[in-house]
Amino acid sequence: MKSMKIICPNGHLGFAPLRTESFHIGVQAAPDFIAADSGSDDVGPVPLGSDTSTSPQAWQMHDLEEMLLASRRLGVPMIIGSAGDTGSNSRVDMYVRIIQELAEKHNLPKFKLGYFYSEVDKETVRMKIRNGDSVTGLDGFDDLTEAELDATDRIVAVAGVHPYIKLLEQGADVIIGGRSSDAAVFAAPAIFKGFPEDKAYYLGKVLECASFCAEPYGGKETVMGEISHDDVQVTAMHPEQRCTIASVAGHAMYERSNPFEEFFAGGRLDMTDCHYEQLTEKTTRITGSRFHPAQQIRVKLEGSGKVGERFIGFCGVRDPYTIANIDRVIGWAREKVQERFGDEGYQLHYSVYGRDGVMGALEPLRHQTGHEVGVLVQGVAPTREMAEELTLIGLRQMFYARLPDVKGTAGSVSFPLDEVVEASAAYRWTLNHTMPVDDVLELFPTNMITAGV
Amino acid sequence: MTSYKLNQLAKTIRSKNAGVNKITFDIIFRDQETYQAVKKSGALSRQTVCDLYNISDERISDFVEYDPGLAIKFTIYRQRPSGSAGDGDIFGAQQYAPLLELPVDL
């Protein structure tokens, strides 16, 4: 095989629907694979901890249907990573079920459906700690302790190319992956087809966010990557978009602290000596990427733990004197919560929109308050009843705050809703670590079934 | 010498999560000349980032001049990981605004 083409229609399948016009153009370009990642830790710790998706099923199904029908029509494999935002086992099962249902709905001839899981049992991680293997914290996280492990509800390991290659070797026509590095879903088929790792990982890197490597800015549009033994070429499929040197080189830094390297289970992609060349108006060619295999394979783990049940409430303030003294109003309400529930065993958060609700302590213009402000109140507690009551005290007592010089003595805040409402339970990231493994496939058990009629 | 605001010189000024505990900022320029001029001016440095966001230098994990992308890029640690209760910006996408007005003398 001299070269191989992959199209990617969506950088986070399900988060917003793919745009069909550029996808259909991409399908007409006769790709050898159709692939997309469906997950991200951007969505915060709640979906992983509570084992839910942040994306509605209708949008997930929309993209899976478009991709499945194109893949079966062309007779080329379809690869999805990080099923359902988190890549947990239930999300993999859900995507497998959706593929089976779509196959029946469209009377698709029988095909091989491969899938793998990524969830890691807490006891597996505990044994590593007890055996003296370091479960090493990333980005400011301390190395993992058993106490922090105990506070964790769910862990996924981030797969590299290995389970994908295994399933491709077994002849999978469609692959649904558990949690994965975005780039793995593209690098794996390229490596499987015999292309060098140096190029394959770069191909994955540049395709992972679909049209984010193109300009002008426009999300959810299809791009195509073509890998040969000498280079990678990336082309925008949307009629108005182009892959330029600036947009492609610029993508390497997106969402990453270091634009020159990226780590995967199994090694490191080095982009220091990448050379970019504008081939045609819509296509940029990249050479010079390097992949350095790791001596010991370390797999990244993501874990989320429940903090408590959560309610939220919202109020506004228009009186300039009250706005100037908003911290005293909040302090008053906090005191009332403390009188009822004490100092510990719950969380109460106030976000003052119009002052620093977006940036918090990073806000340099905190003193330039707006002429009105909105205050979001969040209460977190072990039970729903307590979370509801504490949030309601924290909200309603703002109404009764006593400020010495206030003219309006009937109420200190405005209520759009005189109630608090239940929000998702509060979770926090407990694991953002790497763990050594002897056999990388031990964490990612694979399965193969038949779908279609 | 002329005084500019950074948003008059840059094509893109953005912020976004880099993993669950960091936010990364990209300031991307349209052409080599502007990029080099801003780089040389020293207007955007670890120190200006500390001053602008009122943080200590240890909060900055990386400060990179990324020539292939015509970009100056820095990354800061969050106070708490993304999505912890009380976090106002789970994606880290609205933390760049103070950079828009940063004075640059060229």
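Definitions and cut-offs
- Residues numbered from 1 in each chain as written.
- Chains lettered and ligands numbered in written order.
- Predicted model: local features only at pLDDT ≥ 70, side-chain atom pairs only at ≥ 80, totals over all residues.
- pLDDT = per-residue confidence, 0-100.
- Helix = DSSP H or I, 4+ residues; strand = E, 2+ residues; numbered from the N terminus.
- Buried ≥ 20, exposed ≤ 12 C-beta atoms within 10 Å, placed from the backbone.
- Contact = placed C-beta atoms within 7 Å.
- Nonpolar A, V, L, I, M, F, W, Y, C, P; charged D, E, K, R; others polar.
- Axes fitted to C-alpha atoms, helices over the stretch in contact; angles between N-to-C directions.
- Parallel < 35°, antiparallel > 145°, perpendicular 65-115°, else oblique.
- Left-handed = near helix turned anticlockwise from the far one by under 90°.
- Pairing = 2+ DSSP bridges.
- UniProt positions renumbered as here; feature names shortened; annotations may be inferred.

A. Up close: the confidence of the model for chain B. Residue and element names in this part refer to chain B. Of the residues in chain B, 100% reach a pLDDT of 70 or more, and the chain-wide mean stands at 96. Across chain B, the element-wise mean pLDDT spans from 95 in strand β2 (residues 10–17) up to 98 in helix α4 (residues 97–100). For this predicted complex, the interface confidence score (ipTM) comes to 0.96, while the overall pTM stands at 0.95.

B. Inspection of unusual backbone geometry at higher detail. Residues and elements named next belong to chain A. Across the junction of E215 and P216, the peptide omega takes the value -5°, indicating a cis bond. Inspection of the secondary structure puts P216 in the loop between α9 (197–207) and β8 (223–228). The backbone phi angle of D51 is positive, close to 55°, even though this residue is not glycine. With respect to the element layout, D51 can be found in the loop between α2 (46–50) and α3 (57–74). The phi dihedral of E255 is positive, around 60°, even though this residue is not glycine. Looking at where E255 falls in the secondary structure, it is placed in the loop between α10 (245–251) and β10 (261–264). You can call E255 buried: it has 20 C-beta atoms within 10 Å.

C. View of the interface of chain B and chain A. In this assembly, 38 residues from chain B lie in contact with 40 residues from chain A. The residue makeup of the side of chain B that touches chain A, split by class, is 16 nonpolar, 16 polar and 6 charged.

D. Representation of the packing of helix α7 (residues 162–169) of chain A against helix α8 (residues 184–192) of chain A. Residues and elements named next belong to chain A. Close contact between α7 and α8 brings their axes to 9 Å; oriented N to C, the two are set at 45°. By the criterion of interaxial angle, the relationship of α7 to α8 is oblique. The hand of the α7/α8 crossing is right-handed. For the pair α7 and α8, the contacting residues are Y164, I165 and L168 in the first and A184, V185, A188, P189, I191 and F192 in the second. Partitioned by chemical class, the residues of the contact of α7 with α8 number 9 nonpolar, no polar and no charged.

E. Quick look at the sheet that holds strand β3 (residues 22–29) of chain B. Residue and element names in this part refer to chain B. Ordered in space as β2-β3-β5-β4, the 4 strands form an open sheet in which the pairing is antiparallel. The open sheet is flanked by β2 and β4 (60–66), the only strands paired with a single partner. Along the sheet, successive strands turn relative to each other by an average axial angle of 10°, direction set aside. Both β3 and strand β5 (residues 71–77) contribute to a ladder of 7 bridges, which runs antiparallel. When the sheet's bridge partners are listed, I27 is paired in β5 with I72.

F. Representation of the UniProt feature "domain: DUF4387" (unreviewed entry) in chain B in the model. Taken from the UniProt record, the annotation "domain: DUF4387" (unreviewed entry) applies to residues 6–102 of chain B. The distance separating the terminal C-alpha atoms of residues 6–102 of chain B is 5 Å; by composition the span is 27% helix and 31% strand.

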